[in-house]
Amino acid sequence: MKTAAVIAEYNPFHSGHGYHIEKTKKETGADYVLVVMSGHFVQRGAPALLDKYTRTRAALLGGADAVIELPALYATSSAEYFAQGAVTLLHKLGVVDFLSFGSEEGATSPFIETAAALLSCGDSIRNTIQELLKEGLSYPAAKEKAAAKHLPFIKDRPKLLTAPNNILGLEYCKALLALDSKITPFTMKRKGQDFKDSSIPSAPETFASATAIRNGAVSCFRQILPFIPRESRELFSSAMESGCFLTEDDLSLMLHHQLLTHSQSGFSMYLDCTPDLSAKICKNLPAYTGFSDFCSLLKSKDLTYARISRTLLHILLEIRPPAFYQEPYSQREYHIPYGHLLGFRKSAGELLSAIKKKSSIPLITKMADAKNTLTGQDLDFFNRELFCASLYEAACRAKNKETALNELKQSPVIVG
């Protein structure tokens, strides 16, 4: 049995994602594709447009065989921690042969070579970045300049460290090398719109970006249906028609309450929030009008919108930096006490049996079961995840009274 894995957000699941799963199976010869997917919150610092169970069903209808949740701590972190958390989870499952990811580069060997070089001189690069930030450079510019200084060969591949999917691919490979994992990385060239393109393409056969689809879905979801796989269009349409979707501004009142409650003590105890950013949040709090507007207000040359959005989400979710985030890269031991199975295809019985046999962590099918068996640090981790899920559910109920999500009562999505 061969198993390929995909790390994804599917926010939402679109035709490009279906193409990736199909091509992954074909190119790797895998019998199954296992997806590690972000839960209710995503890396750009926002709630997922659709809840994790709806997105799981769309992924299964689109060709995935099983979906396991990436915990919120990692799902809402920067690329380095997002990748390390997801890869560690896959490594612990013990059944994955390939890790497949899309990239702007399109070839696997440059990722492996560059990841190895980054691991060998990572501390020097980080120190240079800090020096350049003090000189006034933005973080992306500082990172690019520091890499050019310590990795001269990178000038031949200028987008390897700057294009968004390339950045994630490098972090995946770094994590695999640091874990000495037997999982083999595999990449394919990304097709369709650029990651940041926000307008709907004129040709339906073009793969639209997730950004364009999210923007189009909120303004008029019917215009983006041609870019959603036929198998999940009804699912997507039903969610959008009934109002069962969230944007960051649906969290505005919750966030404002949290910011007001803790403004006296500041926010530097939360993940990604420096003392300077905490002071800036407090100073500008009287001008708060909403989540997205506040991100734009705080945005500056050295603070990107995404960084601010992630920080505000961490404040809302009360996510603090775990101790191992401060450890040297190769010495970090990521805390992943279980794998939460969000859904599976009936034909994936062999895959699930293999996970239960080979995994070094339990596979949880119902969160209520985990609550009664975990203790200590593992139970603290579980309670944080439960809090994040409950907050998303509360926001959904505030927007749509018919929404009846309850994390402790949810069973895995099963597709025949």
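Residues numbered from 1 in each chain as written. Predicted model: local features only at pLDDT ≥ 70, side-chain atom pairs only at ≥ 80, totals over all residues. Heavy atoms only, no water.

**A look at the packing of helix H11 (residues 252–262) against helix H14 (residues 305–317)**
Point 1. Put simply, H11 and H14 touch, their axes get as near as 9 Å, and they point 75° apart. As far as their axial angle goes, H14 and H11 are roughly perpendicular. Residues Met-254, Leu-255, Gln-258 and Leu-259 of H11 form the contact with H14, whose own contacting residues are Leu-312, Ile-315 and Leu-316.
Point 2. Tallied by class, residues from the contact of H11 with H14 come to 6 nonpolar, 1 polar and no charged. (Axes fitted to C-alpha atoms, helices over the stretch in contact; angles between N-to-C directions. Helix = DSSP H or I, 4+ residues; strand = E, 2+ residues; numbered from the N terminus. Parallel < 35°, antiparallel > 145°, perpendicular 65-115°, else oblique. Contact = heavy atoms within 4.5 Å. Nonpolar A, V, L, I, M, F, W, Y, C, P; charged D, E, K, R; others polar.)

**Considering the side chain of Glu-393**
Point 1. Counting through the fold element by element, Glu-393 comes out in helix H17 (residues 376–399).
Point 2. There is no salt bridge for the buried Glu-393, and the closest opposite charge comes from Arg-397, which lies 4.5 Å off by N-O distance.
Point 3. Dropping the residues within four chain positions of it, Glu-393 is found in contact with Leu-405, Asn-406 and Glu-407. (Buried < 20%, exposed > 50% of the residue type's maximum accessible area, 1.4 Å probe, protein only. Lys, Arg positive; Asp, Glu negative; His and termini not counted. Salt bridge = Lys/Arg side-chain N within 4 Å of Asp/Glu carboxyl O.)

**Observations concerning unusual backbone geometry**
Across the chain, the bulk of peptide bonds are trans and the bulk of non-glycine residues have phi less than zero.
Point 1. In the segment running from Asn-11 into Pro-12, the intervening peptide bond is cis, with an omega of -5°.
Point 2. Within the element layout of this structure, Pro-12 appears in the loop between strand E1 (3–8) and helix H1 (15–28).
Point 3. The phi dihedral of Glu-318 is positive, around 55°, even though this residue is not glycine.
Point 4. Counting through the fold element by element, Glu-318 comes out in the loop between H14 and strand E8 (339–345).

**Concerning the state of the cysteines**
Point 1. Evaluated as defined, the whole model comprises 0 disulfides.
Point 2. Lacking any disulfide linkage, Cys-173 is separated from the closest cysteine sulfur, that of Cys-121, by 16 Å.
Point 3. Summary of cysteine pairing: Cys-388 is not part of a disulfide, and the nearest cysteine sulfur, belonging to Cys-396, is at 14 Å. (Disulfide = S-S within 2.5 Å.)

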